[in-house]
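# Secondary and tertiary structure notes
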Amino acid sequence: MHRLEEMWIAISTGILIIFMVVVGYQTFALGMGPPSNKETIDPQKVDQTEPFDEPGISKIGDNEYEVVMTLQAFGFTPNNIEVPAGAKVNFIMTSKDVTHGFQIAGTNINAMVMPGHIQKISHTFDKPGEYLVLCNEYCGTGHQLMSTTITVK
Amino acid sequence: MAAANKNSPKKHTDNENESSLRGTIVSVGFVGAVIVIMWAAIFGLYMSRI
Amino acid sequence: MKQTQALNLQQKTIKALGVNTSDAKVSLSYLSVAFLTLLIGGILGLVQGLERAGLMELPPWINYYQVLTAHGILLLLVFSTTFTIGYQYANLSHALGGLLPKVRKFAWTGFILMVIGVVLAVTMVVLNEASVLYTFYPPLAAHPVFYIGLVFVVLGIFACCIGVFINYRHWRKNHPGQTTPLLAFFAMGVFVLWFFASIGVTVEVLTLIPWSMGIVETTNVMVGRTLFWWFGHSLVNIWYLVATSAWYVIVPKIIGGRHFNEKLIRLVVILLVILNIPGGFHHQIIDPGISESIKFLHVFMSLSIAVPSLMTAFAMFAVLERAGRRKGGKGLLGWIGKLPWGDVRFLAPMIAMIAFIPGGAGGIVNTSNQMNQVIHNTLWVVGHFHVTVGMSVVMTFFGICYWLIPYLAKRKLTPQMNRLGVIQTIIWTVGMILMAGSQHLAGLLGDPRRTSYTTYGDHPTALSWVPYEYVMGIGATLLLLGVIIQVYAVINMMFFAPKGKTAFPVSEPEDGAPSAPMWTERWGLWVVLLLMVVAMAYVVPIVDMIVNAPPGSPPIRTW
């Protein structure tokens, strides 16, 4: 192998390792890993299963909220949520039919919500405004209509 | 380096030129830069949206 | 012994007469289907781009998601598959001195199976019985005939794989102590990877058939999705491996250079084959039901696939620099100007290689664990695979056409056709930069992929995406123009170009280069390593998904 080639492979692989160390540190030391909740649920009995029998928003701490949400073609329950600025919101979600995506444009909130699985993701809404929430996984003819908002005051 | 090449005898220069991979190392350096810049930009965006 | 003599004779005949006519028929048939598909898929692509930007309304008898499903299946699956087989079988025929009659039968069987399969699947899409997109994630349930069509396609792929394995083995048997020609080695890599990649989707589709027919009540959606990506991501890497075969072996000849150190080329092929399949997991970084540690293992596995590509970057620049310097290129970068930029056979694959720089870098971003949350299922991803597949792979394929088709059809590439090819390449490049560039940016602003025209009730965030979607529409228009020119060029070179003999541009090693080591031919070992990597990657998560599975999902139709 050419000396320069060895140098290039060493440097470029080193860069990849640095990338891994950075995201690995954030994931395992700072708890910033991607949404990976492992609880399951019967996808045909979502309405009868706690906590999804009563979807909605509840205050669980000092400016901290829990949103229990069900997704189904083509909407979110509950929708048009309002929270105060600086609120930390923990979303607990599942799907009542097909696979959906839960995305809030302009934030890092982006998670797959699949039937049979309970997904969790959290975000602190510091900036006031009306955030656009949308489904980003194709779920049927009305997929482009599946959206709601979160208003931060 | 380029100047040294110009001054050396012609035959030698040809040999030098054929085996030289200076351009290659600059080019892959560019590849590395694209990788780092793109990654850093998206990482920055990720951090700004925390 | 007799066989060897006959084979040698056959090789000599090929050298004297050019292409073997029966082998050429196989390749030309595959290529014809490829470019017919490209035309239809390209038209659907433009329709979709204009609808998405709100510039065009579809008639009531067809919907956006039908068009999108057909576009994905036709271009990502059918065009690339048929082109790959046509090109790889031509490589094999040339490199190994002709296909065995038995192998030709396998290729024809594969052809018929695939045509039946595609017709079945596409008919269901046209009838609006399968608007499930090309990923067909359960519990979206298409008509059973759609899945049966896919089974036929996969069987066709298997037939072509077996054909390649037989011919390769036969040559090795008759040439003891010799390494196979490089192009044949690449073909072997492509089809070995394809064979094992297809197993995932085969298992998935076979479980979905009884489920879609109502014989089985529910299905495990998580396992289905995982098996799909076992296949799905490997597939795009197969196209990429096909493209690299032309970068390493064909491009050096066209620029008047020599190919890179053969041992390293073979190492790149082996690494791509062994490491590839687990790459599919980075499509599931934000899925539920997979633990963070398993996901991080796959971050490592996906990033490791980048290493052979980094080696390719060095190798290709080295080949280009040496060739340019030999032609008198001086200074640090003077060799760049000495390359034959006016030759479409070089220009197209060269831009394809350059496109892989941002393409590969984007892939590294996508697989970087939580950073995936920024881009997942946004238009960024669509931009990413239009750069990697639509540019790196497809432009290489286009460049190959300008020598392969005249070679197969016993015709010549005329200067006019070359000029048309250069124009086509420029149009395609500009179109892709506009389209994929705006898709990347819109995706970062949150614009989702796979969504028909919507402003989400005129939400200001959604309205901010519209200008990017317009640029996307302009790019898509240029791309359709590119498709039309390319299809015209292919038809011209197949049937109307002046008769003549076109050379098959296979490059030679550098003078005094060491010959390829025999250990690279140990395909049994590479397959074992491939299976070990697959086992490492998949056994734990799939067993977990099955053992700790929630009650399954019934078939659902939401369109």
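Residues numbered from 1 in each chain as written. Chains lettered and ligands numbered in written order. Predicted model: local features only at pLDDT ≥ 70, side-chain atom pairs only at ≥ 80, totals over all residues. Heavy atoms only, no water.

### Considering the packing of helix α12 (residues 344-366) of chain C against helix α15 (residues 415-444) of chain C
Residue and element names in this part refer to chain C. Relative to each other, α12 and α15 sit at 15 degrees, their axes nearing to 9 Å. By the criterion of interaxial angle, the relationship of α12 to α15 is roughly parallel. α12 and α15 meet at a crossing whose hand is left-handed. Here Val 344, Leu 347, Ala 348 and Ile 351 of α12 lie close against α15, whose contacting residues are Asn 418, Gly 421, Val 422, Thr 425 and Thr 429. The residue inventory of the contact of α12 with α15, partitioned by class, reads 5 nonpolar, 4 polar and no charged. (Axes fitted to C-alpha atoms, helices over the stretch in contact; angles between N-to-C directions. Helix = DSSP H or I, 4+ residues; strand = E, 2+ residues; numbered from the N terminus. Parallel < 35°, antiparallel > 145°, perpendicular 65-115°, else oblique. Left-handed = near helix turned anticlockwise from the far one by under 90°. Contact = heavy atoms within 4.5 Å. Nonpolar A, V, L, I, M, F, W, Y, C, P; charged D, E, K, R; others polar.)

### With respect to helix α18 (residues 523-547) of chain C
All names here are of chain C. In a regular helix each residue adds 1.5 Å, so 25 residues correspond to 36 Å; α18 covers 34 Å between its end C-alpha atoms and thus fits that length. At Tyr 538, α18 shows its maximal kink, close to 40 degrees; a proline, Pro 541, follows between one and four residues later. For α18, every residue scored as buried is listed here: Trp 523, Trp 526, Val 527, Leu 530, Val 533, Val 534, Ala 537, Tyr 538, Pro 541, Ile 542, Asp 544 and Met 545. For α18, the secondary structure elements touched by its buried residues are α5 (144-174), α6 (182-212), α7 (221-254), α8 (262-275) and α9 (292-304). (Expected span 1.5 Å × (residues − 1). Bend = angle between axes of the 7 residues up to and from the residue. Buried < 20%, exposed > 50% of the residue type's maximum accessible area, 1.4 Å probe, protein only.)

### Regarding the UniProt feature "transmembrane region" (unreviewed entry) in chain A
UniProt records the feature "transmembrane region" (unreviewed entry) at residues 7-28 of chain A, using the numbering of this structure. For residues 7-28 of chain A, the end-to-end C-alpha separation is 31 Å, with 100% helix and 0% strand making up the annotated structure. (UniProt positions renumbered as here; feature names shortened; annotations may be inferred.)

### Looking at the interface of chain A and chain C
A common measure of how large an interface is: the accessible area buried when the components associate. Contacts between the two partners involve 62 residues from chain A, matched on the other side by 70 residues from chain C. Both sides of the chain A and chain C interface together cover about 5300 Å² of buried area, and 66% of this is carbon and sulfur. When the buried surface of chain A facing chain C is broken down by residue, A:Met20, A:Tyr138 and A:Gln144 rank first, second and third, together holding 13% of it. Where chain A packs against chain C, one counts 2 salt bridges. A salt bridge links C:Arg450 to A:Glu137; the nearest nitrogen and oxygen atoms lie 3.4 Å apart. Put simply, chain A and chain C have 28 residue pairs in polar contact (both at pLDDT 80 or more) between them. By residue number, the principal contributor to the side of chain A that touches chain C is helix α1 (residues 3-28) of chain A, which donates 14 residues. Grouping the constituent residues of the side of chain A that touches chain C by class yields 31 nonpolar, 25 polar and 6 charged. (Buried area = accessible area lost by both parts, 1.4 Å probe. Salt bridge = Lys/Arg side-chain N within 4 Å of Asp/Glu carboxyl O. Polar contact = N/O pair within 3.5 Å; in protein donor to acceptor, adjacent residues only side chain to side chain.)

### Structural notes on empty space enclosed by the protein
Any space left empty among the atoms is revealed by the rolling of a water-sized probe across them. Residue and element names in this part refer to chain C. Summed over the entire model, instances satisfying the criterion amount to 9 cavities of 30 Å³ or more. Computed from the structure, the second largest cavity encloses a volume of approximately 690 Å³. Along the walls of the second largest cavity sit 36 residues, with His 71, Leu 75, Phe 385, His 386 and Met 435 positioned nearest its centre. Among the secondary structure elements, those contributing two or more residues to the lining of the second largest cavity are α2 (21-52), α3 (64-95), α14 (379-409), α15 and α17 (466-496). Grouping the amino acids of the lining of the second largest cavity by side-chain chemistry returns 22 nonpolar, 11 polar and 3 charged. (1 Å grid on protein atoms, 1.4 Å probe; cavity = no way out; pocket = protein on both sides within 12 Å on 5 of 7 lines; lining within 4 Å. Points joined across faces, edges and corners; volume = space filled by probe spheres on them.)

### Focus on the nonpolar core
Ranked by size, the top nonpolar core spans 256 residues in total, and within it A:Phe91, A:Phe102, A:Ile150, C:Phe136, C:Phe146, C:Trp194 and C:Leu404 carry the most contacts. When residues in this core are grouped by element, the largest group, 22 residues, is from α7(C). Counting the residues that make up this core, at least three belong to each of domain 1 (1-33) and domain 2 (46-152) of chain A. Not counting residues up to four positions away in its chain, the partners in contact with C:Phe146 are C:Ile73, C:Ala121, C:Met124, C:Val125, C:Ala130, C:Val132 and C:Phe136. (Core = buried A, V, L, I, M, F, W, Y, C linked by side-chain atoms within 4.5 Å. Domains from an automatic or database assignment.)

### Quick look at the interface of chain B and chain A
Listed as interface residues are 13 residues of chain B and, on the opposing side, 14 residues of chain A. Taken over both partners, the interface formed by chain B and chain A buries close to 1300 Å², and the fraction arising from carbon and sulfur atoms is 73%. Area buried by chain B at its contact with chain A is led by B:Trp39, B:Tyr46 and B:Arg49, which between them contribute 41% of it. Scanning the region where chain B abuts chain A turns up 0 salt bridges. Inspection of the chain B/chain A interface yields 2 residue pairs in polar contact (both at pLDDT 80 or more). Counted by class, the side of chain B that touches chain A contains 11 nonpolar, 1 polar and 1 charged residues.

### Digging into α12(C)
Residue and element names in this part refer to chain C. Here α12 spans 32 Å end to end across 23 residues, near enough to the 33 Å set by a 1.5 Å rise per residue. The sharpest bend along α12 comes to roughly 30 degrees, located at Phe 356, with the proline Pro 358 sitting one to four residues further on. Across the 23 residues of α12, 17 count as buried, placing the element largely inside the fold.

### A short note on the domain arrangement of chain A
Along its sequence, chain A is organised into domain 1 (1-33) and domain 2 (46-152). One C-alpha centre belongs to domain 1 of chain A, the other to domain 2 of chain A, and the line joining them spans 34 Å.

### Side note on the UniProt feature "domain: Cytochrome oxidase subunit II copper A binding" (unreviewed entry) in chain A
When the UniProt feature table is mapped to this numbering, "domain: Cytochrome oxidase subunit II copper A binding" (unreviewed entry) covers residues 53-153 of chain A. Helix makes up 0% of residues 53-153 of chain A and strand 57%, with an end-to-end C-alpha separation of 28 Å.

### Focus: the sheet that holds strand β10 (residues 147-152) of chain A
Residue and element names in this part refer to chain A. Taken in spatial order, the 5 strands line up as β4-β10-β9-β6-β7 in an open sheet, and their pairing is mixed. Each end of this open sheet is capped by a strand with a single partner; those strands are β4 (81-83) and β7 (110-113). Strand-to-strand twist of the sheet, defined as the mean angle between neighbouring strand axes without regard to direction, takes the value 20 degrees. (Pairing = 2+ DSSP bridges.)

### As for the packing of helix α10 (residues 306-326) of chain C against α12(C)
Residue and element names in this part refer to chain C. At their nearest, the axes of α10 and α12 sit 12 Å apart, and the two run at 150 degrees to each other. α10 and α12 meet at a crossing whose hand is left-handed. For the pair formed by α10 and α12, the contact residues are Ala 306, Ser 309, Met 316, Phe 317 and Leu 320 on the first element and Phe 346, Met 350, Met 353, Phe 356, Ile 357 and Ile 364 on the second. Among the residues forming the contact of α10 with α12, the class breakdown is 10 nonpolar, 1 polar and no charged.

### Quick word on the confidence of the model for chain B
Residue and element names in this part refer to chain B. Here chain B averages 75 in pLDDT, while 62% of its residues score no lower than 70. Between the elements of chain B, mean pLDDT differs from a low of 41, seen in helix α1 (residues 2-7), to a high of 96, seen in helix α3 (residues 22-48). Note on residues 1-18: pLDDT is under 50 here. Beyond four places in sequence and across chains, it has 13 contacts. (pLDDT = per-residue confidence, 0-100.)

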